Amino acid sequence: MPLLEISIVPIGTDSPSFSTQVTNAVRIIEENDLKYELTPTSTVVEGDIDHLWEVAKEIHQKAISNGPERIVTNISIDHRTDKQMNMDHQIDTVQKELE
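Residues numbered from 1 in each chain as written. Predicted model: local features only at pLDDT ≥ 70, side-chain atom pairs only at ≥ 80, totals over all residues. Heavy atoms only, no water.

Draft legend 1. The arrangement of the nonpolar core in detail. Grouped together as the largest cluster of nonpolar side chains are 14 residues, with contacts concentrated most on Leu4, Ile29, Leu34, Val45, Val55 and Ile59. Among the elements of the structure, β1 (3-11), α1 (19-31) and α2 (49-65) are those that each provide at least two residues to this core. Ranked by the residues each element gives to this core, the list is headed by α2, at five residues. (Core = buried A, V, L, I, M, F, W, Y, C linked by side-chain atoms within 4.5 Å. Buried < 20%, exposed > 50% of the residue type's maximum accessible area, 1.4 Å probe, protein only. Helix = DSSP H or I, 4+ residues; strand = E, 2+ residues; numbered from the N terminus.)

Draft legend 2. Focus on the pattern of salt bridges. Throughout the structure, instances matching the rule amount to two salt bridges. Aspartate 88 is paired through a salt bridge with lysine 35; the nearest N and O atoms lie 2.5 Å apart. Taken together, the residues span a long stretch of sequence, with aspartate 88 in helix α3 (residues 87-98) and lysine 35 in strand β2 (residues 35-38) at a distance of 53 residues. A salt bridge links aspartate 82 to arginine 80; the shortest N-O distance between them is 2.6 Å. Classification of aspartate 82 as exposed rests on a relative accessible area of 57%. (Salt bridge = Lys/Arg side-chain N within 4 Å of Asp/Glu carboxyl O.)

Draft legend 3. The environment of glutamate 69, seen in detail. You can see glutamate 69 is positioned in the loop between α2 and β4 (70-78). Judged by its relative accessible area of 71%, glutamate 69 is exposed. A C-alpha to C-alpha distance of 30 Å links glutamate 69 and aspartate 33, two positions 36 residues apart in sequence. Apart from residues lying up to four places away in sequence, glutamate 69 is in contact with Ile11 and Gly12. (Contact = heavy atoms within 4.5 Å.)

Draft legend 4. Structural view of the environment of asparagine 24. As for its placement among the helices and strands, asparagine 24 is situated in helix α1. In this structure asparagine 24 comes out as buried when scored by relative accessible area, which is 12%. If sequence neighbours within four positions are ignored, asparagine 24 has contacts with Lys62 and Asn66.

Draft legend 5. The arrangement of the environment of threonine 93 in detail. Tracing the chain through its elements places threonine 93 in helix α3. Spatially, the C-alpha atom of threonine 93 lies 18 Å from that of tyrosine 36, the residues being 57 residues apart in sequence. Polar contacts involving the side chain of threonine 93 include one to the main-chain carbonyl oxygen of histidine 89, which spans 2.8 Å. (Polar contact = N/O pair within 3.5 Å; in protein donor to acceptor, adjacent residues only side chain to side chain.)

Draft legend 6. Here's a closer look at the pairing of strand β3 (residues 43-46). The alternating pattern of β3 places Thr43 and Val45 on one face and Val44 and Glu46 on the opposite face, and all of these are buried. One ladder, built from four bridges, connects β1 with β3; its direction is antiparallel. By the bridge assignment for β3, isoleucine 6 is matched with threonine 43. With four bridges connecting them, β2 and β3 associate as antiparallel partners. Opposite leucine 38, over in β3, you have threonine 43 as the bridge partner. What sits between the antiparallel neighbours β2 and β3 is a turn of four residues. (Pairing = 2+ DSSP bridges.)

Structural data, given as structure tokens:
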């Protein structure tokens, strides 16, 4: 299953904080019933590629509608076609290598 990593950076606000943007993004992800993992610098979401694109667009549009003069949305997609993949498998593989 494809993985989408997304981060939103508002520019032109009167605060260096962007936790509100992250909270809004997570709400959108949860409303779309997608599995996700929040990290300190981004959010990773697992799902159908078309659904991920729509959610990324919705997150970006919500962020820009909240008033910042500029939004930078960073997106990375990991999409394997040779075998099944998911977040849990990716993490388990690395953890097994560390043992």
